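# Descriptive structure summary
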Amino acid sequence: MNGMGVATSVGIRVYLCRRRPTSHVVAAVLTFRRSYATEQYTIVSGHVASNSPKAPLPSLTRTAAVSSRGSAHNVSQPSTAVRATSGPTTVISEQSGGLLAKLQGYAQKSREMMKQFFVGTKVFLAETRQAKELKRRKVVNGYEWTRKEYFLIKRNEQDFWRAIPFLLCCVLLSEAIPFLLIRGIVPSPCLTEAQLDARWKRLQEIRQKLAKDAVQSVNVGQAVQASQFLQDDFVKYIADTQPQYFLLEGMNRSQLKSINTYLGIWRFGPAPYLRRVLRQHCDYIQGDDMLLKQEGLDLLTSQELKWAVEARGLPSTGATPAQMRSDLSAWVNLHTVEKPKIPTELMFFATIVRTGLVAHASQKGAVTHRGQRS
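All chains use their own residue numbering, which begins from 1 and follows the written sequence. It should be noted that, the model being predicted, local features are given only for residues of pLDDT at least 70 and side-chain atom pairs only at 80 or more, the latter also being counted only at that level, while totals for whole chains, interfaces and linings use all residues. Excluding hydrogens and water, the side-chain values take into account all heavy atoms of the structure.

As a further point, take the overall build of the chain. Put simply, DSSP H or I for four residues or longer makes a helix, DSSP E for two residues or longer makes a strand, and each gets a number counted from the N terminus. Looking only at helices and strands, one finds 11 helices and 6 strands in the chain. The buried share of the chain, reckoned over its 374 residues, is 36%. On the chain, roughly 22,900 Å² of surface is accessible, and the fraction owed to carbon and sulfur atoms is 58%. Three exposure classes are used, based on accessible area relative to the maximum for each residue type with a 1.4 Å probe and protein chains only: buried under 20%, partly exposed in between, and exposed over 50%. Computed with a 1.4 Å probe, the accessible areas rest on the Shrake-Rupley method; for each residue, only the protein chains presented here act as cover.

Below is the structure:
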């Protein structure tokens, strides 16, 4: 028998020791063990003995055969049987303990995240009320937003679409909360600074791969060289002569998905929806650049700099505040040129190509500038 299931496992061994035709001694050991019992019943020559150890004993034991002269040839010890199976039992116990520790750690992490998300949700609701009031004041009184207020409103709008699936998962499937961080559907007020940095670090790895593919595509086309996009004058020339090739209306779904993935915005759905998401992001960047040009970049904190450069596809991982401020200043100065007016889509494409070139040069060990300025 295999001993599995709820059924009772019974092992019987009978040894017939025959020394003379007229003398037979039978030693029978019946081990009776239920899968849920902790007692062992042994029958030796018709006598029943009960032993109740702390843990169930194995179903196979050694047999004691007694000769006709009364001498014991084989004497079984219960402790021997226990020692024979203590090795696998210890391994199983260690595995069960390790699994239990992992489950306890996972549960503790989920509880801590629930507290963090609860506090973040209250901040998100407060920001939603504040953004609603700012919009009302603009419509009714013609109030002009500052750059901080403009950023708060636009970020709150993005968080609103993340909050819908996020709240559904918290209510219906709270065990999956740690995995929500990977999918990027957690509203920003519910994330810590370390979690935001980890998200941007993962996004940077994705950007480098997409940027390398973009550089290869440009060089294969042979119309222009990818290295030409390092020069601001060339970007202005493209915006003045061939801007139609970089407008949203001429992009297919594959191109829209690649740009949205690079920027870290929504990348699932049909082409019209992806185009609308990217157009809203372009409008946000255009308005933000105008406000940054008016107010300047000197008052931006380190965290605000990270948000600004990440929204434009510029790297923040491993960059100092001085580097991020320099990159952001170069972007704003180029994007706000009145003539020729540079489309935001072209700015994104130039940033993608530059990122690919810098990543390729870094792999070769060359010391390159983060972007050549004319």
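Salt bridges are defined as contacts in which a side-chain nitrogen from Lys or Arg sits within 4 Å of a carboxyl oxygen from Asp or Glu. Evaluation of the coordinates by the stated rule reveals 15 salt bridges. One salt bridge in this structure joins Arg 162 and Asp 159, with 3.2 Å as the shortest N-O distance. One end of the pair is Arg 162 and the other is Asp 159, both in helix α3 (residues 147-172) and 3 residues apart, which spans about a single turn. In this pair, the class of Arg 162 matches that of Asp 159, namely buried. Residue Asp 213 pairs with Lys 209 through a salt bridge whose shortest N-O separation is 3.7 Å. In this pair, Asp 213 and Lys 209 both sit in helix α5 (residues 193-221), 4 residues apart, roughly one turn of the helix. Look at the salt bridges and you will find they share partners, linking Arg 147, Asp 288, Asp 289 and Arg 312 into a network.

Let us look at the packing of aromatic side chains. Two rings from Phe, Tyr or Trp (for Trp, the six-membered ring) form a pair when their centres sit within 6.5 Å of each other. Planes less than 30 degrees apart are called stacked, planes more than 60 degrees apart edge-to-face, and all others tilted. One pass over the structure, following the stated rule, counts 11 aromatic pairs. Between the aromatic rings of Phe 151 and Trp 307, the centroid separation amounts to 5.9 Å while the plane-to-plane angle is 65°, which identifies the pairing as edge-to-face. Taken together, the positions of Phe 151 in helix α3 and Trp 307 in helix α9 (residues 302-311) put the pair 156 residues apart, joining distant regions of the chain. Taking the relative accessible area as the measure of exposure, Phe 151 reaches 13% and is therefore buried. Each ring, one from Phe 246 and one from Phe 349, has its centre 5.4 Å from the other, and the planes form 55°; the classification is tilted.

Here the focus is the environment of Lys 212. Locating Lys 212 in the fold gives a position in helix α5. Overall, the relative accessible area of 28% leaves Lys 212 in the partly exposed class. Sequence separation between Lys 212 and Ile 352 is 140 residues, and the spatial gap between their C-alpha atoms is 8.6 Å.

Attention now moves to α5. Since one α-helical turn is 3.6 residues long, residues separated by three or four positions face the same way. When the terminal C-alpha atoms of α5 are compared, their 41 Å separation across 29 residues agrees well with the 42 Å that a helix rising 1.5 Å per residue should span. After α5 finishes, the residue Gln 222 shows a positive phi value of roughly 65°. One less than the number of residues in a helix, times 1.5 Å, gives the span that helix is expected to have.

Relative orientation of the contacting elements α3 and helix α8 (residues 271-295) amounts to 165°, with a least axis distance of 10 Å. Here α3 is positioned roughly antiparallel relative to α8, judged by the angle of their axes. When the axes of α3 and α8 are compared, the crossing they make is left-handed. Facing α3, whose interface residues are Arg 147, Tyr 150, Phe 151, Lys 154 and Gln 158, α8 presents His 281, Asp 283, Tyr 284, Gly 287, Asp 288, Leu 291, Leu 292 and Glu 295. Note on definitions: angles span 0 to 180 degrees between N-to-C directions of axes, and those axes are lines fitted to C-alpha atoms, for helices only across the stretch in contact. Working rule for angles: under 35 degrees goes down as roughly parallel, over 145 as roughly antiparallel, 65 to 115 as roughly perpendicular, anything else as oblique. Helix crossings fall into two classes, left-handed where the near helix is turned counterclockwise from the far one by less than a right angle and right-handed where it is turned clockwise. We call two residues contacting when some pair of their heavy atoms lies within 4.5 Å.

Turning our attention to the side chain of Arg 147. Along the chain, Arg 147 turns up in helix α3. With residues up to four places along the chain from it excluded, the contact list for Arg 147 reads Asp 288, Leu 291, Leu 292, Glu 295, Leu 300 and Ala 308.

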